[in-house]
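# Geometric and topological summary
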Amino acid sequence: RNYNQFISKVQELGLDNIMIISLDHDLGPSAMSEYFNNVSPNYKLDYNNITEKTGYDCAKWLVDQWMQGKPVVPVYTHSANAIGSANIIGYINNYKHIHHLEQDCIRVKIDHTV
């Protein structure tokens, strides 16, 4: 549900025990507000308007783990925020490109069940 919970769960399980990670971009009220007020109507994303960490921050944390030698796992994004998703995809796939890995981070649709 948020950045800290994500980090805690990944550390609890260990990346070597995770088969896939799917990230949402907008993880809190200010990110949702930015999506509805700026991204959706204006196609602009201003991280200065977001006070909590996002799925993009989760992606950056993951890449940092990989750079420290932790296992690289497949990552998708399921965010409705197309710009935020593109940022996540670009960050993950850039790491994979530089390290000659398959650039397989994509945006997928996951129906909400809650």
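Residues numbered from 1 in each chain as written. Predicted model: local features only at pLDDT ≥ 70, side-chain atom pairs only at ≥ 80, totals over all residues. Heavy atoms only, no water.

Regarding its fold elements, the protein chain presents four helices and two strands. When the helices and strands of the protein chain are listed from N to C terminus, the series reads α-β-α-α-β-α. Relative to a compact globule of 114 residues, whose C-alpha radius of gyration would be 13 Å, the protein chain shows 14 Å and is just as compact. Scored against the burial criterion, the 114 residues of the protein chain give a buried share of 39%. Of the contacts formed within the protein chain by residues at least 6 apart in sequence, a portion of 68% connects residues at least 24 apart. Of the roughly 7000 Å² of accessible surface on the protein chain, a fraction of 51% belongs to carbon and sulfur atoms. Put simply, the protein chain has 9 plus and 12 minus side-chain charges, and the middle of one group is 1 Å from the middle of the other. (Helix = DSSP H or I, 4+ residues; strand = E, 2+ residues; numbered from the N terminus. Rg over C-alpha atoms; globule rule 2.2 N^0.38 Å. Buried < 20%, exposed > 50% of the residue type's maximum accessible area, 1.4 Å probe, protein only. Contact = heavy atoms within 4.5 Å. Areas by Shrake-Rupley, 256 points an atom, 1.4 Å probe, with all protein chains shown as cover. Lys, Arg positive; Asp, Glu negative; His and termini not counted. Charge placed at Lys NZ, Arg CZ, Asp CG, Glu CD.)

Here the focus is the pattern of salt bridges. Counted by the stated rule, this structure contains three salt bridges. Of the charged contacts in the structure, one is a salt bridge between Asp104 and Lys96, with a shortest N-O distance of 2.6 Å. (Salt bridge = Lys/Arg side-chain N within 4 Å of Asp/Glu carboxyl O.)

What follows is about the packing of helix α1 (residues 3-13) against helix α3 (residues 55-67). Orientation of α1 relative to α3, taken along the N-to-C sense of each, is 30°, at an axis distance of 10 Å. Taken together, the axis directions place α1 and α3 in an arrangement best described as roughly parallel. Crossing hand, α1 versus α3: right-handed. For the pair formed by α1 and α3, the contact residues are Tyr3, Phe6, Ile7, Val10 and Gln11 on the first element and Asp57, Cys58, Trp61 and Leu62 on the second. (Axes fitted to C-alpha atoms, helices over the stretch in contact; angles between N-to-C directions. Parallel < 35°, antiparallel > 145°, perpendicular 65-115°, else oblique. Left-handed = near helix turned anticlockwise from the far one by under 90°.)

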